[in-house]
Amino acid sequence: MVTTTTDYIERVMEAVKMRNPGEQEYHQAVGEVLDSLRAVIDKNPEFEDAAILERIVEPERQILFRVPWQDDKGKVQVNRGFRIQFNSAIGPYKGGIRFHPSVYIGIIKFLGFEQIFKNSLTGLAMGGAKGGSDFDPKGKSDSEVMRFCQSFMSELFRHIGADTDVPAGDIGVGGREIGFLFGQWKKLTTLHNGVLTGKGLAYGGSLARTEATGYGCVYFCDEMLKESKNSFDGKTVVVSGSGNVAIYAHEKATQLGAKVVAMSDSSGFIYDKNGINLDTIKQLKEVERKRIKEYTKEHKNAQYTEGCSGIWNIKCDIALPSATQNELDGNAAKTLVKNGCLAVAEGANMPCTPDAVKVFLDNKIQYGPGKAANAGGVATSGLEMAQNSQRLNWTFEEVDEKLHRIMVNIHRAAKEAADEYGTPGNLVNGANIAGFLKVAKAMMAQGLV
Ligand code: NDP
Ligand code: 2IT
């Protein structure tokens, strides 16, 4: 019987659904990648013979663990910890840790799977991984967060290492959490090395890592805009979220001459037609850990709206969804198109639903998928690892310049792969194909492991 590429891809997708029941986000992430790979599989039948797709969708190792800790009242709390070491074909496992109550295995799997291709796109030697916990840092004291991080690392430490697996931040894990995690790692192992990235500058962190994901997303979007002879200058921008990625996307877009008129958190969004004051946002979010609603206390012209999805009704030239997965659906995408939006670049991982992506592609909106557009964060983590190994620190300008170059290269690689495989302008296909090919070739070369 002759089997076709479509049969093969469908078979792998069915198996993913059967073997990972109920993990909707994981199914979504795999579905998108497999859909992009039809032409690649047609051209390279050896990938099917070597079961590359069946292998790439099965994590190399999944670690689930209990995280017990004591709250400030002395009550014992129990959370669940995860680390999925997805693929080490091209380098040590690398990827962030997310602390959010919505975390379950399906979220960590989708993030770990995407990380394989994202890390490949950076051109650096990093495999794919992701970790996290259903712990909610919101409303917890610093001492509670510290005790939680110490307990989390008391199990995680035996599975990671500077040449094995290098975690970093993600939602709910920033400089404070990385500090506590690193302190416990050092105490347990007596090692002081680059086992985590996103470290503080005083103990091995890299300049520009804090800014990297947001800046990188804007650099990527700028490359897309150049294709249509456009730029950020004079444009109106909406950025969802107000965390690490959103804040530095705002900063770079503003530096390039744009005006960011809206931002959000998980409670609601603010609109300021004069442009959102970033110093106020940084003070509220990075220092005081308050809600975005408070912005209107200082800026009386700004409006606050409860609920976050309405942010996409605001007219803009460029949208940078930078909060969380599936935050922008098909209807929101149609509204953006109707309002004349030119470009969408994903600061977050998988923020646009498949329906939304289809709307953008059908309407020829320039669309930069997360695994390409937000790869600047992990790329700069790779640069932090390089500095740690050399025991050297580069200047902000050196790191930023390397980050910029990496984002330009990722855009070019995605564009060229899209052209080569017959879907010019489709950076979803381009990013998936370019990211996949390097990993698949490495897997082929290394035999059946
Ligand atoms: P932060 O925790 O710093 O900020 C997250 C922001 O998104 C907050 O404003 C938060 O609001 C909002 N948010 C989180 N969950 C939800 C939700 N369920 N619904 C609505 N809003 C939500 O995280 P980051 O900025 O680091 O991460 C944002 C996105 O970027 C994530 O998708 C992450 O995976 C991705 N990313 C991060 C990288 C990094 O280097 N940090 C690198 C590449 C991608 P609230 O405060 O109310 O929770
Ligand atoms: O999704 C991501 O790429 C991150 N959260 C950053 C990972 C990293 O290792 O810096």
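Novice: How do you make sense of the environment of Val-239 when you look at a structure like this?
Specialist: As for its placement among the helices and strands, Val-239 is situated in strand 6 (residues 236-239). Separated by 14 residues in the primary sequence, Val-239 and Ala-253 have C-alpha atoms spaced 9.9 Å apart. Setting aside chain neighbours within four positions, we find Val-239 in contact with Ala-246, Ala-249, Val-260, Ala-262, Met-263, Ser-264, Ile-311, Leu-320 and Ser-322.

Novice: Help me out: how do you make sense of the side chain of Ser-36 in this one?
Specialist: Following the sequence through the fold, Ser-36 ends up in helix 2 (residues 24-36). When its relative accessible area of 5% is taken as the criterion, Ser-36 is described as buried. Leave out the neighbours within four places in its chain, and Ser-36 touches Val-428, Asn-429, Asn-432 and Ile-433.

Novice: Got a minute to help me understand the sheet that holds strand 5 (residues 165-168) in this structure?
Specialist: Paired through their backbone hydrogen bonds, the strands of a sheet run either parallel or antiparallel. Pairing is mixed across the open sheet formed by five strands, whose spatial order is 1-2-4-3-5. The sheet terminates laterally at strand 1 (61-70) and strand 5, the two strands that pair on one side only. Strand after strand, the sheet turns through a mean of 20 degrees between neighbouring axes, direction not considered. One ladder, built from six bridges, connects strand 2 (residues 76-87) with strand 4 (residues 127-133); its direction is antiparallel. Counterpart to Gln-85 in the pairing with strand 4 is Ala-129. Helix-sheet contacts for helix 6 (residues 105-121) involve strand 1, strand 2, strand 3 (93-99) and strand 4, and the interaxial angle to strand 4 is about 155 degrees.

Novice: Is there a simple way to explain the pairing of strand 2 in this structure?
Specialist: The side chains of a regular strand alternate between the sheet's two faces. In this sheet, strand 2 lies alongside strand 1 in antiparallel orientation, the contact comprising ten bridges. Within strand 2, the position partnered with Phe-65 by the bridge is Gly-81. Count of turn residues in the strand 1/strand 2 antiparallel hairpin: five residues, of which Gly-74 carries a positive phi of about 90 degrees.

Novice: Looking at this structure, how should I read the site of ligand 1?
Specialist: Close contacts around ligand 1 come from 26 residues, with Asp-170, Thr-213, Ser-266, Arg-291 and Asn-349 the closest. One of the side-chain nitrogen or oxygen atoms of Arg-98 is found 3.0 Å away from an oxygen atom of ligand 1. Ser-266 is positioned with one of its side-chain polar atoms (N or O) 2.5 Å from an oxygen atom of ligand 1. Considering ligand 1 on its own, with 880 Å² of exposed area, one finds that the protein chains cover 84% of that surface. At the level of elements, helix 9 (209-227) and helix 10 (244-255) are the ones that each hand at least two residues to the shell around ligand 1. Considering only residue class, the shell around ligand 1 consists of five nonpolar, 14 polar and seven charged.

Novice: Looking at this structure, I do not really get the state of the cysteines. What am I missing?
Specialist: The bond known as a disulfide is covalent and runs between the sulfur atoms of two cysteines. Taken as a whole and assessed by the stated rule, the structure comprises zero disulfides. A disulfide-free cysteine, Cys-316 has its sulfur positioned 4.5 Å from the sulfur of Cys-341, the nearest such atom.

Novice: Looking at this structure, I do not really get the packing of helix 16 (residues 376-390) against helix 17 (residues 396-420). What am I missing?
Specialist: Axes are the key here: two packed helices are described by the angle between their axes and the distance separating the axes. The N-to-C vectors of helix 16 and helix 17 enclose an angle of 135 degrees; their axes lie 10 Å apart at closest approach. If you check the angle between helix 16 and helix 17, you find them oblique. Helix 17 is crossed by helix 16, and the crossing has right-handed handedness. Judged by residue contacts, Gly-376, Ala-379, Thr-380, Leu-383 and Gln-387 of helix 16 engage Val-399, Lys-402, Leu-403, Ile-406 and Met-407 from helix 17. Taken together, the residues of the contact of helix 16 with helix 17 sort by class into six nonpolar, three polar and one charged.

Novice: I would appreciate a short explanation of unusual backbone geometry in the present structure.
Specialist: Trans peptide bonds make up most of the peptide bonds, and negative phi angles are found at most residues other than glycine. Its identity as a non-glycine residue notwithstanding, Met-350 has a phi of 55 degrees, on the positive side. By the secondary structure assignment, Met-350 is in the loop between strand 11 (343-345) and helix 14 (354-362). A positive phi angle, close to 55 degrees, is found at Arg-391, a residue other than glycine. Following the sequence through the fold, Arg-391 ends up in the loop between helix 16 and helix 17.

Novice: Is there a simple way to think about the pairing of strand 5 in this case?
Specialist: Residue alternation in strand 5 divides its side chains into two sets, Asp-165 and Pro-167 and Val-166 and Ala-168, and both sets are buried. Bridge count between strand 3 and strand 5: four bridges; the pairing is parallel. By the bridge assignment, Lys-94 is partnered in strand 5 with Val-166.

The rules we used
Residues numbered from 1 in each chain as written. Chains lettered and ligands numbered in written order. Predicted model: local features only at pLDDT ≥ 70, side-chain atom pairs only at ≥ 80, totals over all residues. Heavy atoms only, no water. Helix = DSSP H or I, 4+ residues; strand = E, 2+ residues; numbered from the N terminus. Contact = heavy atoms within 4.5 Å. Buried < 20%, exposed > 50% of the residue type's maximum accessible area, 1.4 Å probe, protein only. Pairing = 2+ DSSP bridges. Axes fitted to C-alpha atoms, helices over the stretch in contact; angles between N-to-C directions. Near = heavy atom within 4 Å. Polar contact = N/O pair within 3.5 Å; in protein donor to acceptor, adjacent residues only side chain to side chain. Areas by Shrake-Rupley, 256 points an atom, 1.4 Å probe, with all protein chains shown as cover. Nonpolar A, V, L, I, M, F, W, Y, C, P; charged D, E, K, R; others polar. Disulfide = S-S within 2.5 Å. Parallel < 35°, antiparallel > 145°, perpendicular 65-115°, else oblique. Left-handed = near helix turned anticlockwise from the far one by under 90°.

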